Amino acid sequence: MFSKEESRQLRQEFWTSFGKSFPRNLPNGRQGWLLYNTKIKGLSFKFHFDTRSALIALDLEDDLENRINCWEKLIALKGILQSEYLPNAIYEEEYYLDNGKEISRIYVPLDQNVSIHNKNTWQVVMEFFNVNMTLFEAFFEEYKEFIKP
């Protein structure tokens, strides 16, 4: 078992290593991942890696009316997302975070046993994040005008 401090240090080391291993210098001059900078209220991309799993996600956390409006547009694009970008994308209109908050989420889990506490699994997670988030962002960039409220 790891202490809270050891776990925190491992998490920090992973994310620092990920940033150094897969720097983002894009042709449009933007650096880094899109994440919260979608310019659509309540819509953000997330990386998740803990002691049991890893995934990438697009989360909708806005008020219910805006969430429904955006979700309907994402549902209309589901065939394109799954056929041209991320065939394993999972759509969950009602997804509950650990804190009990309900959101809508589209996510792609890494189908392997991984743990942020096991450095031997870090490389596969970093590669998964890089490849799949790049595809997710490419989809978003292509269809963001349609998705916008």
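*Asks:* Give a detailed account of the pattern of salt bridges, specifying residues and quantitative values.
*Replies:* It is possible for side chains bearing opposite charge to pair when their charged atoms get close. This structure, assessed with the given rule, holds ten salt bridges. Note that E102 and R67 form a salt bridge whose closest N and O atoms lie 2.8 Å from each other. Placement of the pair is E102 in strand β4 (residues 102-109) and R67 in helix α2 (residues 64-76), with a sequence separation of 35 residues. In this structure, the salt-bridge partner of K144 is E141, at a minimum N-O distance of 2.9 Å.

*Asks:* Describe the environment of G42, naming the residues involved and giving the relevant values.
*Replies:* As for its position among the elements, G42 is in the loop between α1 (4-21) and β1 (43-49). Classification of G42 as partly exposed rests on a relative accessible area of 27%. Remark: the alpha-carbon pair of G42 and C70, spanning 28 residues in sequence, is separated by 9.6 Å. The contacts of G42, once residues within four sequence positions are left out, are D59, L60, E61 and D62.

*Asks:* Residues and numbers for the pairing of β1, please.
*Replies:* In terms of burial, β1 is largely enclosed, as six of its seven residues are buried. Note: β1 against strand β2 (residues 54-60), seven bridges, orientation antiparallel. Directly across from F49, in β2, lies its bridge partner A54. What sits between β1 and β2 in their antiparallel hairpin is a turn of four residues.

*Asks:* Describe in detail the packing of helix α3 (residues 78-85) against helix α4 (residues 122-147), supporting the description with residues and values.
*Replies:* Taken N-terminus to C-terminus, the directions of α3 and α4 make an angle of 135 degrees; their axes are 11 Å apart at the nearest point. Considering their axes alone, α3 and α4 lie oblique with respect to each other. Read as a crossing pair, α3 and α4 show a hand that is right-handed. Packed against α3, whose contacting residues are I80, L81 and Y85, the element α4 presents L135, F136, A138, F139, E142 and Y143 at the interface. Counted by class, the contact of α3 with α4 contains eight nonpolar, no polar and one charged residues.

*Asks:* So, the nonpolar core: which residues are in play, and what are the values?
*Replies:* Core analysis: the biggest nonpolar cluster contains 40 residues, and L74, F129 and F136 have the highest contact counts within it. Listing elements by their share of this core, those giving two or more residues are α1, β1, β2, α2, α3, β4 and α4. With eleven residues, α4 is the single largest residue contributor to this core. Apart from residues lying up to four places away in sequence, L74 is in contact with L58, L60, Y91, I106, F139 and I147. Of all hydrophobic cores here, the second largest spans five residues; its members include L55, A57, Y95 and Y107.

What counts and what doesn't
Residue numbers here run from 1 along each chain, matching the order of that chain's written sequence. A pLDDT threshold of at least 70 governs which residues receive local features in this predicted model, and a stricter bar of 80 or more applies before side-chain atom pairs are shown or counted, although totals over entire chains, interfaces and linings include all residues. Excluding hydrogens and water, the side-chain values take into account all heavy atoms of the structure. By salt bridge we mean one thing: a side-chain nitrogen of Lys or Arg within 4 Å of a carboxyl oxygen of Asp or Glu. Strands here are runs of E lasting at least two residues and helices are runs of H or I lasting at least four, both read from the DSSP assignment and numbered beginning at the N terminus. Whether a residue is buried, partly exposed or exposed follows from its accessible area with a 1.4 Å probe, protein chains only, as a fraction of its type maximum: under 20%, in between, or over 50%, in that order. By definition, residues are in contact when any of their heavy atoms lie within 4.5 Å. The criterion for strand pairing is that DSSP finds at least two bridges linking the strands in question. Working convention: axes come from line fits to C-alpha atoms, limited for helices to the stretch in contact. Angles between N-to-C directions cover 0 to 180 degrees. Throughout this description, any angle smaller than 35 degrees is read as roughly parallel, any larger than 145 degrees as roughly antiparallel, any in the 65 to 115 degree range as roughly perpendicular, and the remainder as oblique. Left-handed describes a crossing in which the near helix is turned anticlockwise from the far one by less than a right angle; the clockwise case is right-handed. Note that Gly is not counted as nonpolar here; it falls among the polar residues with everything else outside the nonpolar set of Ala, Val, Leu, Ile, Met, Phe, Trp, Tyr, Cys and Pro and the charged set of Asp, Glu, Lys and Arg. Put simply, buried Ala, Val, Leu, Ile, Met, Phe, Trp, Tyr and Cys residues joined by side-chain atoms within 4.5 Å make one nonpolar core.

None of the figures reported here should be taken as evidence of function without further support.
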